Amino acid sequence: ELQHGIFTYYLLQRLQQPVKDEKTISLNMLYDEVANLVSGYTNGRQVPIINGRSRIARFPLLGQ
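Bear in mind the structure is a predicted one, so any value in this text is a computation, not a measurement.

This part is about the packing of helix α1 (residues 6-15) against helix α2 (residues 27-41). Packing of α1 against α2 brings their axes to within 9 Å, and their N-to-C directions diverge by 135°. The orientation of α1 with respect to α2, classified from their angle, is oblique. When you trace α1 past α2, the crossing you get is right-handed. Counting all contacts with α1, which are made through I6, F7, Y10, L11, R14 and L15, the residues of α2 involved are L30, E33, V34, L37, V38 and Y41. Considering only residue class, the contact of α1 with α2 consists of 10 nonpolar, no polar and two charged.

Moving on: the pattern of salt bridges. Considering all chains together, one arrives at one salt bridge under this definition. Across the salt bridge formed by E33 and R14, the nearest N and O atoms sit 2.3 Å from each other. Placement of the pair is E33 in helix α2 and R14 in helix α1, with a sequence separation of 19 residues.

Okay, the environment of I50 next. On the secondary structure map, I50 appears in the loop between α2 and β2 (58-60). Placed 22 residues apart in sequence, I50 and N28 show a C-alpha to C-alpha distance of 8.9 Å. Sequence-distant contacts of I50, that is, excluding residues within four places in its chain, are made with L27 and Y31.

Residue R14 is classed as buried on the basis of its relative accessible area, which comes to 12%. Side-chain polar atoms of R14 contact the side chain of Q17, separated by 3.1 Å. A polar atom in the side chain of R14 sits 2.3 Å from the side chain of E33. Once residues lying within four places of it in the same chain are set aside, the contact partners of R14 are I25, L30, E33, V34 and L61.

The rules behind these values
Residues numbered from 1 in each chain as written. Predicted model: local features only at pLDDT ≥ 70, side-chain atom pairs only at ≥ 80, totals over all residues. Heavy atoms only, no water. Axes fitted to C-alpha atoms, helices over the stretch in contact; angles between N-to-C directions. Helix = DSSP H or I, 4+ residues; strand = E, 2+ residues; numbered from the N terminus. Parallel < 35°, antiparallel > 145°, perpendicular 65-115°, else oblique. Left-handed = near helix turned anticlockwise from the far one by under 90°. Contact = heavy atoms within 4.5 Å. Nonpolar A, V, L, I, M, F, W, Y, C, P; charged D, E, K, R; others polar. Salt bridge = Lys/Arg side-chain N within 4 Å of Asp/Glu carboxyl O. Buried < 20%, exposed > 50% of the residue type's maximum accessible area, 1.4 Å probe, protein only. Polar contact = N/O pair within 3.5 Å; in protein donor to acceptor, adjacent residues only side chain to side chain.

Laid out in structure tokens, this is it:
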């Protein structure tokens, strides 16, 4: 139905949302948003775990 795994689906959805002022998103904010969507979609049966040390990593937003 989603054509991807649940995590990948919501990750791609978030990265492709329309961009206003910001052109990047922090890893922590991206994780928080995607993890909440995945958890909600699966009724708490799947909760993504982040394991890393970088607190300043940023990802480009792809939305136009």
